[in-house]
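Structural characterization, general
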Amino acid sequence: MSTFSIYSLAAILLVGLGVYGLFTRQHLLRKVMALNVIAGGIFLLLISTAYRNQDLFPDPVPQAMVLTGIVVAISATGFALALVRSIHRRMAESETDPSQDSWDQP
Amino acid sequence: MNQVIWVVLLPFVGSVVCLLAHRKAVFALGMAASLGTLIVSVGLVAHVWEHASARVELGGWATPLGIALHLDGLSALFLLLTAVVGVLVGIQAGSYFAQSPELRAMGSRFWPLWLLLWGGLNGVYLCSDVFNAYVLLEISTLAAVGLTILSGSTASLVAGLRYLLAAMFGSFMYLLGVALIYAGTGQLDFLLLSRGVTPQVHTLTAFGLMVFGLLIKSALLPFHFWLPPAHSSAPAPVSAVLSALVVKASFFLLLKIWFVVFESISGGTPGGMPSQLLGILGSLAVFWGSFQAVRQSRLKLLIAYSTVGQLGYLFLIFPILASPDFQGHEALAWGGTIFHLFSHGLAKASLFLAAGCLLQAMGTDDLHAMRDIAGRLPVITFSLGVAGVSLMGLPPSAGFVAKWMLLRAVLASGQWWWAPVIVLGGLLTAAYVFKILAHTFVPSEGEALRLNSVPLVMTLVPLALAILCVLMGFRADEVIALLPAVPHFGTGKNGWEMP
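Not measured: the values here are computed from a predicted model. (Residues numbered from 1 in each chain as written. Chains lettered and ligands numbered in written order. Predicted model: local features only at pLDDT ≥ 70, side-chain atom pairs only at ≥ 80, totals over all residues. Heavy atoms only, no water.)

**A few points about the overall build of chain A**
- Scanning chain A from terminus to terminus reveals 3 helices and 0 strands.
- Element order for chain A, N to C, with α for helix and β for strand: α-α-α.
- Nonlocal contacts in chain A, meaning residues at least 24 apart in sequence, comprise 56% of its contacts between residues at least 6 apart.
- As displayed, chain A offers around 6100 Å² of accessible surface, 65% of which is attributable to carbon and sulfur atoms. (Helix = DSSP H or I, 4+ residues; strand = E, 2+ residues; numbered from the N terminus. Contact = heavy atoms within 4.5 Å. Areas by Shrake-Rupley, 256 points an atom, 1.4 Å probe, with all protein chains shown as cover.)

**Some details on a nonpolar patch on the surface**
- A surface patch of nonpolar side chains, about 400 Å² in accessible area, is lined by Trp6(B), Leu9(B), Val13(B), Val17(B) and Leu29(B).
- In this fold, Leu9(B) is placed in helix H1 (residues 6–20). (Patch = residues over 30% accessible without salt bridge, like charges linked within 9 Å, V, L, I, M, F, W, Y side chains within 5 Å. Salt bridge = Lys/Arg side-chain N within 4 Å of Asp/Glu carboxyl O.)

**Considering the packing of helix H3 (residues 73–96) of chain B against helix H15 (residues 330–362) of chain B**
Residues and elements named next belong to chain B.
- Where H3 contacts H15, the axes come no closer than 11 Å and their chain directions differ by 5°. The angle between H3 and H15 places the two elements in the roughly parallel class. Between H3 and H15, the residues in contact are Leu74, Leu77, Phe78, Leu80, Leu81, Val84, Val85, Val89, Gln92 and Tyr96 and Trp334, Ile338, Leu341, Phe342, Gly345, Leu346, Ala349, Leu353, Cys357 and Gln360, respectively. (Axes fitted to C-alpha atoms, helices over the stretch in contact; angles between N-to-C directions. Parallel < 35°, antiparallel > 145°, perpendicular 65-115°, else oblique.)

**What about the pairing of strand S2 (residues 68–71) of chain B?**
Residue and element names in this part refer to chain B.
- Side-chain alternation along S2 places Ala68 and His70 on one buried face and Leu69 and Leu71 on a second face that is also buried.
- As judged from the 4 bridges shared by strand S1 (residues 54–57) and S2, these two strands associate in the antiparallel manner. Its bridge partner being in S2, Ala54 is matched across the sheet by Leu71. (Buried < 20%, exposed > 50% of the residue type's maximum accessible area, 1.4 Å probe, protein only. Pairing = 2+ DSSP bridges.)

**Side note on the nonpolar core**
- Of all hydrophobic cores here, the largest spans 220 residues; its most connected members are Phe172(B), Tyr174(B) and Phe318(B).
- Ranked by the residues each element gives to this core, the list is headed by helix H6 (residues 154–185) of chain B, at 21 residues. (Core = buried A, V, L, I, M, F, W, Y, C linked by side-chain atoms within 4.5 Å.)

**Some remarks on the pattern of salt bridges**
Residues and elements named next belong to chain B.
- For the structure shown, the criterion picks out 4 salt bridges over all chains.
- Notably, a salt bridge pairs Asp189 with Arg55, separated by 2.9 Å at the nearest N-O pair. Of this pair, Asp189 sits in the loop between H6 and helix H7 (190–196) while Arg55 sits in strand S1, and the two are 134 residues apart along the sequence.
- According to the relative accessible area criterion, Arg55 is buried, its value standing at 17%.
- Here Glu138 ties to Lys217 by a salt bridge, and the two come within 3.2 Å at their closest N and O atoms. You can see Glu138 sitting in helix H5 (residues 130–148) and its partner Lys217 sitting in helix H8 (residues 201–217), a full 79 residues away along the chain.
- The exposure class assigned to Glu138 is buried, which follows from its relative accessible area of 4%.

**Concerning the interface of chain B and chain A**
- Across the boundary between the two partners, chain B contributes 34 residues, which contact 40 residues of chain A.
- When chain B packs against chain A, close to 3100 Å² is buried across both sides, 83% of that on carbon and sulfur atoms.
- At the junction of chain B and chain A, the tally comes to 0 salt bridges.
- Counting every contact that joins chain B to chain A gives 3 residue pairs in polar contact (both at pLDDT 80 or more).
- Looking at the side of chain B that touches chain A, the elements that each hand over two or more residues are H5 and H6 of chain B.
- Ranked by the residues each element gives to the side of chain B that touches chain A, the list is headed by H6(B), at 21 residues.
- Of the residues assigned to the side of chain B that touches chain A, the class counts are 25 nonpolar, 7 polar and 2 charged. (Buried area = accessible area lost by both parts, 1.4 Å probe. Polar contact = N/O pair within 3.5 Å; in protein donor to acceptor, adjacent residues only side chain to side chain. Nonpolar A, V, L, I, M, F, W, Y, C, P; charged D, E, K, R; others polar.)

Geometric values such as these leave the question of function open.
Next up, the structure:
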């Protein structure tokens, strides 16, 4: 089994775990974490691609893509966390259970 | 051809300037950036009219390393729609956010986010590789969520988070597709990919993942759950932009992925399952969205569900163009779809802005409170009616031209079963438009509702949008003529070669 297939299988496993977590976990914080696990899997796949395509030296394009992707994922995560925090605060004020998902409310 | 870059750069620069500027200067600076972008966009449409497509490599770097911008008829039309709606919404926002100190603070946050969104959208229309498309789509998503939660109410925060999580998941699925396709072909550019793609397992998986991600972001039926709360809980100018423009940027990218990058896969199986599936989901969206719209009792939610329904029509283009005996009718299908996209964009922006005026005047957007509004706010009611006529698809509006072309395209492709969708969808649309109008004509019982005054500009902008929508119906020939100005658009073979 080549190094590339080990890395890419691990990447697919991570994405699968993330998708499972996103749909089964109710807590908003865990949903945000699940999305980050998916992102981690995608970045691992891209980095392992850089190793596979070139024999002598790694391909720089996927590395640049991962760097950009991390910046995008960090900004989105930061934004999502700030939103989760303000929603929790509102829920705490109105004395509903903040640990529960608020999906079905208007 | 270097002015292409300004259509992306100008909104971004404007966004940063608005963020740093003094609160009193924000509107003037924002409007200046908007008007500048409108002028550049119109210039680009004129360029496409005369010279067909153009391609600019930024900084002189060639494609695998650098970033290229690709301008063609389709992107020019999207730029134009965004600029027209953008400037009119900006004018509306100027008076909407000037009414109280609280709204003024909101307005100084509106402009940086809106210009960031505008720059991101223009970037999506012009980008020429799958990865930059992802980055620009993410920029527009983050800005759009920021605009959704502008009012800071609990409902808008919850709707914004739901929107953000759904959009992030969609983007990651798209990015996973990008990673797979790069692993397989070593290419990212649309045109280079379209030559290198062969139907193998990883390419098919990448195609599926990218389409899946974009379907979530363009809110096609089972993935529409995030749209109605987000679009209805935002301030009126924001709702107008979200419904008229933002969902369509993902649809634009879907068109490029489907008909350019994976042309050999999606076009290789005539009348194949995937395109039929998109057509079925689109038809279900038309029925479900319109049916939900009829059931709503709040005006903004009704209009938001109407967006879910109207977006469904756009997806009929996939089965129509997949038909094998459809050679020579491409212009009809493309014309109908793009015309629908335009007319819906203008009409929906008009409806949301008019709803914003009503909300301001009445203090509520409950349909049952709208008693005797037709007599007391005639201009706003007239805008609602005119925009509604276009949504229903009655002549001479642009909506009629769009549905007529789609209907002819459906019959020409030999897939008659989509025709009832178009006709019945129009009937359901009529049902919810008349539901709105009927409530405005009910005479008030006892004491009439006290109405707050609405600035004149705010009532005129929705009217201008609605009238533009109808005028487009009279000028159908010119708009259709712009589409074939792109040689063989969508046929893949000739229309997308490097200039």
